[in-house]
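Here are the chains, one letter per residue:
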Amino acid sequence: MREPADIIDSQASGWVSRLDRGLSTEEEATLSTWLAADSRHCGAFARAQAIWRDLDRAQVFQIAEELRHAPSRAAREQNNRPRRWVAAAVLFVSMAGVAGWYSYPRNAVSTAAGEVRQWPLSDGSRVVLDARSRITIQFEPATRLVRLESGQALFEVAKDAARPFIVVAGPYHVRAVGTAFLVNIESASQAEVTVTKGTVQIWSESDATPRSLSAGGHVALANGKIAPSEELTHEQLERLIDWRSGVLNLTGKTLAQAVAELNRYNQLHVAVDDTNLASEPLIGQVSDSDPEAFAQAAASMLGAHVRRDGDRLILERGGKK
Amino acid sequence: MRPAVSMSVKPSDRAQWIAAQILPLESQIRAWLRRIAPRGVEIDDVIQEAYAILWKLHDVSHIRNPRAYFYQVVKRLVLDQIRRDALGGAAATLDTDSLGRLEEGFTPERILSGRQELDRLYRAITRLVEPARTIFIMRKIENLPQKVIAERLGVSEHTVENHVARGLRVILLQFSAEEKTSSSAGTPLIPQRSAGGSDA
């Protein structure tokens, strides 16, 4: 008597597919009627739409395949997928806007709290911009320059040997040469670069001699200088790109660092008023969109407690439990 | 998360909200329902009804804790269904035991981590049989519109649309059925208060 759930799911899938290619006016009316007929139609449609939408995140696998060990080239060729992405770069910046550098602003793109977005660039490259981040794109005949002004971004660079792709963050320049690499810039003068595949060249304004860094390598940059490189494990690499996936990895971070990161994604901010507490190390992982859960978890891990103060959750010690 | 667009939430925004807040929870809710729901309660129906409620909400910006909200909605639907069935003399009976477990609540101890969700999406797409697999890769990984896919594959747009529908149907099913393999999710940050161990 009741329509079985799986029949409804089939119908909902049909509607989502039609909606995706565009509905005629007549179809819109039919859809409305169908939705109104049974609340389960509506629910199945909502769920199908949400899953359809969720699948958009699979776009990161364009990058991920490069960042990981490019697992299935065979499969890719089987699918006739053009192998366009020869380089991917992730840049992490958490610096307040640094002025200057160039005088003709081009396309600026930015994201709000909690928003991770993806833009295609005119050369076929793409950028995935993390929450509260901003880049300006300046493509010229001879170079492709992207300046990361705040936050973090992941770049998939389309190959064009004649036009180098250079990401500038603060005083540091990172040039893609058929590689995949990560850059993490922590302040106007502090950065880290990690290469997952191939080689990059790094230089800074005060030290213009390019340094090469290749797969698995990681260097710290501070005050315009490039420190000796070290090797990172695969897990460490993965952790660096986790921001695209809604999870906040706490392992290896202090409370202060985790809070700074979490606050970038959320309107509800967490504050730590105690410097001893702030420097305590954390472990585990949490959703990056749930400050309350994070605060509770951190409090119970560190023997602190959470106090709500308007738009802020304050972590402090000294309370009873 | 994003600024509240109170009056005119477009369906696509709502889909996005559901995708971000509720989908990661669904398999856990299903597992929980299987544990606590008395016989006769149709889990698929409850889930569809629950999504319908979220879809029809005028505004979701006031929902501070979507997980808790979804759980409340589901719980209410289960109780409604039990009452309805009891009135009709149907099989579902409301014994104090299951009611107690229902009240005990839902602790989402194993929400999929972002990475696992992404892996799930990847699996969902790559497990499809051809030609849906190729079409989904083109549509969802390469972000090509259906029309362009039809041109590139040299088939009609109608064919692409049908394969999208069928492929999505398969993926919907995977999303309902995948909890068994997804239970090894992210390391919980804090040991969960064991919920009494009443449900061995």
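The coordinates are above.
Residues numbered from 1 in each chain as written. Chains lettered and ligands numbered in written order. Predicted model: local features only at pLDDT ≥ 70, side-chain atom pairs only at ≥ 80, totals over all residues. Heavy atoms only, no water.

### Considering the overall build of chain A
- A count of helical and extended segments in chain A gives nine helices and 21 strands.
- Expressed as a percentage of contacts within chain A between residues at least 6 apart in sequence, the contacts between residues at least 24 apart total 52%.
- With an accessible surface of roughly 13600 Å², chain A has 50% of that area assigned to carbon and sulfur atoms. (Helix = DSSP H or I, 4+ residues; strand = E, 2+ residues; numbered from the N terminus. Contact = heavy atoms within 4.5 Å. Areas by Shrake-Rupley, 256 points an atom, 1.4 Å probe, with all protein chains shown as cover.)

### Focus: the pairing of strand E21 (residues 312–316) of chain A
All names here are of chain A.
- Burial analysis of E21 places four of its five residues in the buried class, the great majority of the element.
- Where strand E18 (residues 269–272) and E21 come together, four bridges link them in parallel fashion. Following the sheet pairing, Val 272 is matched in E21 by Leu 315.
- Here five bridges tie strand E20 (residues 305–309) to E21, and the two strands are oriented antiparallel to one another. Bridge assignment links Asp 309 to a residue of E21, and that residue is Arg 312.
- Between E20 and E21, which pair antiparallel in sequence order, lie two residues; one of them, Gly 310, sits at a positive phi of approximately 60°. (Buried < 20%, exposed > 50% of the residue type's maximum accessible area, 1.4 Å probe, protein only. Pairing = 2+ DSSP bridges.)

### Looking at helix H3 (residues 39–54) of chain A
Residues and elements named next belong to chain A.
- In this model H3 runs 22 Å from its N-terminal to its C-terminal C-alpha over 16 residues, within 8% of the 22 Å that 1.5 Å per residue would give.
- In terms of burial, H3 is largely enclosed, as 14 of its 16 residues are buried.
- Two to three positions downstream of the cap, the backbone nitrogen of Arg 40 sits 2.7 Å from a side-chain oxygen, assigning the N-cap of H3 to Asp 38. (Expected span 1.5 Å × (residues − 1). Polar contact = N/O pair within 3.5 Å; in protein donor to acceptor, adjacent residues only side chain to side chain.)

### Topic: the nonpolar core
Residues and elements named next belong to chain B.
- Counting residues in hydrophobic clusters, the biggest one holds 69 residues, and the most contacted among them are Ile 18, Leu 33, Phe 70, Val 74, Phe 136 and Leu 168.
- If one sorts the elements of this core by residue count, helix H1 (residues 11–36) sits on top with eleven residues.
- Residues within four places of Leu 33 in sequence aside, it is in contact with Ile 43, Val 46, Ile 47, Val 74 and Val 78. (Core = buried A, V, L, I, M, F, W, Y, C linked by side-chain atoms within 4.5 Å.)

### Re the packing of aromatic side chains
- The tally for this structure, following the rule as stated, stands at four aromatic pairs over all chains.
- Here A:Phe45 and B:Trp55 contribute two aromatic rings whose centre-to-centre distance is 5.8 Å and whose plane-to-plane angle is 90°, an arrangement assigned as edge-to-face. One end of the pair, A:Phe45, is in helix H3; the other, B:Trp55, is in helix H2 (residues 43–56), on a second chain.
- Arranged with centres 5.0 Å apart and planes meeting at 70°, the rings of B:Trp32 and B:Tyr71 form a pair that is edge-to-face. In this pair, B:Trp32 is assigned in helix H1 and B:Tyr71 in helix H3 (residues 66–87), connecting sequence segments 39 residues apart. The pair formed by B:Trp32 and B:Tyr71 is uniform in burial state, with each residue classed as buried.
- If you follow A:Arg18 out to its NZ or CZ, it ends over the ring of A:Trp15, 4.4 Å from the centre. (Phe/Tyr/Trp six-rings, centres within 6.5 Å; stacked < 30°, edge-to-face > 60°. Lys NZ or Arg CZ within 6 Å of the ring centre and 35° of its normal.)

### Here we look at the pattern of salt bridges
- By the definition in use, this model includes 17 salt bridges over all chains.
- Measuring nitrogen to oxygen at the nearest pair gives 3.0 Å for the salt bridge that ties A:Arg21 to A:Glu27.
- Accessibility expressed as a relative area gives 32% for A:Arg21, which makes it partly exposed.
- With a relative accessible area of 19%, A:Glu27 lands in the buried category.
- Between B:Asp44 and B:Arg30 there is a salt bridge, with its nearest N and O atoms 2.8 Å apart. Of this pair, B:Asp44 sits in helix H2 while B:Arg30 sits in helix H1; the two residues are 14 residues apart in sequence, bridging distant segments of the chain.
- With a relative accessible area of 34%, B:Asp44 lands in the partly exposed category.
- A relative accessible area of 4% places B:Arg30 in the buried class.
- Via salt bridges that share partners, A:Arg18, A:Arg21, A:Glu27 and B:Glu161 belong to a single interconnected network. (Salt bridge = Lys/Arg side-chain N within 4 Å of Asp/Glu carboxyl O.)

### Looking at the sheet that holds strand E2 (residues 107–110) of chain A
Residue and element names in this part refer to chain A.
- As summarised here, the arrangement of the seven strands in space is E2-E5-E6-E8-E9-E12-E13, forming an open sheet in which the pairing is mixed. What marks the edges here is a single partner per strand, and that holds for E2 and strand E13 (211–214). Sheet twist, expressed as the average angle between the axes of neighbouring strands with direction ignored, equals 25°.
- Here strand E8 (residues 165–169) runs beside strand E9 (residues 172–176); their pairing, made up of five bridges, is antiparallel. Opposite Val 167, over in E9, you have Val 174 as the bridge partner. (Axes fitted to C-alpha atoms, helices over the stretch in contact; angles between N-to-C directions.)

### Brief notes about the packing of helix H6 (residues 132–141) of chain B against helix H8 (residues 157–177) of chain B
All names here are of chain B.
- The interhelical angle for the contact between H6 and H8, taken along N-to-C directions, is 95°, at an axis separation of 9 Å. Taken together, H6 and H8 sit at an angle that is classed as roughly perpendicular. Along the contact surface, H6 presents Ala 132, Ile 135 and Phe 136, while H8 presents Val 160, His 163, Val 164, Gly 167, Leu 168 and Ile 171.
- Classifying every residue of the contact of H6 with H8 gives seven nonpolar, two polar and no charged. (Parallel < 35°, antiparallel > 145°, perpendicular 65-115°, else oblique. Nonpolar A, V, L, I, M, F, W, Y, C, P; charged D, E, K, R; others polar.)

### A closer look at the sheet that holds E21(A)
Residue and element names in this part refer to chain A.
- Taken together, three strands build an open sheet; the order of strands is E18-E21-E20 and the sheet is mixed. Unpaired on one side and paired on the other, E18 and E20 mark the two borders of the sheet. Neighbouring strand axes in the sheet, compared pairwise and without regard to direction, differ in orientation by 30° on average.
- Across the face of the sheet, helix H7 (residues 255–265) comes into contact with E18 and E21 while running at roughly 160° to E18.

### Here's the deal with the environment of B:Asn143
- Topologically, B:Asn143 is positioned in the loop between H6 and helix H7 (146–153).
- Look past the residues within four positions of B:Asn143 in its chain and what remains in contact with it is A:Gln59 and B:Met138.

### Here's the deal with the environment of A:Trp34
Residue and element names in this part refer to chain A.
- Inspection of the secondary structure puts Trp 34 in helix H2 (residues 25–37).
- By relative accessible area, Trp 34 is classed as buried at 13%.
- Setting aside residues no more than four positions away along its own chain, Trp 34 makes contact with Ile 8, Gln 11, Ala 12, Trp 15, His 41 and Phe 45.
- Polar contacts involving the side chain of Trp 34 include one to the side chain of Gln 11, which spans 3.1 Å.

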